[in-house]
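Architecture and fold: a report
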Amino acid sequence: MRSRRRGPSTLRIPLLVVVLLMSACVDQRIVVTTPTPTPVRTSSPTVAPTPTASPTPTPTPSPTPLISARGLIVVREPLAHMRVKSPLTISGDASVFEANLIWQVTDTAGRVLAGGITTATAGAPARGTFTVTATYTDPPSDVIGFAEVFTRSPRDGNIDEIVRVPIILAGR
């Protein structure tokens, strides 16, 4: 058996392949940078800036009443985040079964400070108005509370529609 002798030609091919692969991986782009020209001042007359019109003030948005999920109860007073004292007027309109509404004033712990039942001027499908006066003992200092107006389901007694207005119960 003859032994193969590796000569220069057998080494050249793999070496040539490696060199070609390496040269293909090298970024061969030429980057030429040119200096940015410096702006030159000319002695042309300066132009005075034109006055801009002052913006017109946007009107303060008017507070909006709060509406229940299906739109059946609307509380127009008090408005959200109002600072209130006893006696508190709660008013709005509703289109509810037999015009019956339940109202209450609560604190953040859920304690009912005042509550009752009222009747709107018309029952569903008509829309009637309601107004109640809630009398409660003002807290010693300002606290967050809620004015709530809601209906209960005649089937199971669960709350059916509710409007929960966040208010600030003003301290004494």
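Just above, that's the structure.
Residues numbered from 1 in each chain as written. Predicted model: local features only at pLDDT ≥ 70, side-chain atom pairs only at ≥ 80, totals over all residues. Heavy atoms only, no water.

1. Points about the nonpolar core
- Counting 23 residues, the largest nonpolar core has I73, V75, L88, I90, L101 and V149 as the members making the most contacts within it.
- Going through the elements one at a time, β2 (73-77), β4 (88-94), β5 (100-107), β7 (128-134), β8 (143-152) and β9 (159-169) are the ones with two or more residues in this core.
- The element best represented in this core is β9, accounting for 4 residues. (Core = buried A, V, L, I, M, F, W, Y, C linked by side-chain atoms within 4.5 Å. Buried < 20%, exposed > 50% of the residue type's maximum accessible area, 1.4 Å probe, protein only. Helix = DSSP H or I, 4+ residues; strand = E, 2+ residues; numbered from the N terminus.)

2. Considerations on the side chain of E148
- Position of E148 among the secondary structure elements: in strand β8.
- With relative accessibility at 6%, the residue E148 sits in the buried group.
- A distance of 2.6 Å separates polar atoms of two side chains, one belonging to E148 and the other to Q104.
- There is a polar contact of 2.7 Å between the side chain of E148 and the side chain of R164.
- In this structure E148 touches I102, W103, Q104, T106, V163 and R164, once residues within four positions along its chain are discounted. (Polar contact = N/O pair within 3.5 Å; in protein donor to acceptor, adjacent residues only side chain to side chain. Contact = heavy atoms within 4.5 Å.)

3. Here's the deal with the sheet that holds β8
- Taken in spatial order, the 5 strands of this open sheet run β3-β9-β8-β5-β6, and their pairing is mixed. At either end of the open sheet lies a strand with only one pairing partner, and these are β3 (83-84) and β6 (112-119).
- Both β5 and β6 contribute to a ladder of 7 bridges, which runs antiparallel. Across the sheet, the residue bridging to I102 is I117, located in β6. (Pairing = 2+ DSSP bridges.)

4. Here we look at the sheet that holds β7
- An order of β1-β2-β4-β7 is seen for the 4 strands of this open sheet, with the pairing classed as antiparallel. Across the chains shown, the open sheet's two edge strands, defined by having one partner strand only, are β1 (66-67) and β7.

5. Things to note about the pairing of β7
- The alternating pattern of β7 places G128, F130, V132 and A134 on a buried face, while none of T129, T131 and T133, on the opposite face, is buried.
- Where β4 meets β7, 7 bridges bridge the pair, whose relative direction is antiparallel. The residue of β7 that forms the bridge with I90 is V132.

6. Structural notes on the packing of aromatic side chains
- Scanning all chains against the criterion turns up 0 aromatic pairs.
- The ring of F146 has R164 sitting right over it, with the charged end atom 3.8 Å from the ring centre. (Phe/Tyr/Trp six-rings, centres within 6.5 Å; stacked < 30°, edge-to-face > 60°. Lys NZ or Arg CZ within 6 Å of the ring centre and 35° of its normal.)

7. Considerations on the pairing of β9
- Summarising the sheet, β3 and β9 pair through 2 bridges and their orientation is parallel. When the bridges of β9 are listed, V84 appears paired with L169.
- Taken together, β8 and the strand that follows it, β9, pair antiparallel across an intervening segment of 6 residues, in which G157 is found at a positive phi of about 80°.

8. Digging into the environment of D160
- Here D160 lies in strand β9.
- D160 sits in the partly exposed class, given a relative accessible area of 39%.
- Counting along the chain gives 90 residues from D160 to R70, while the straight-line C-alpha distance between them is 9.8 Å.
- With near-sequence residues (within four places) excluded, D160 lies in contact with R70, T151, R152 and S153.

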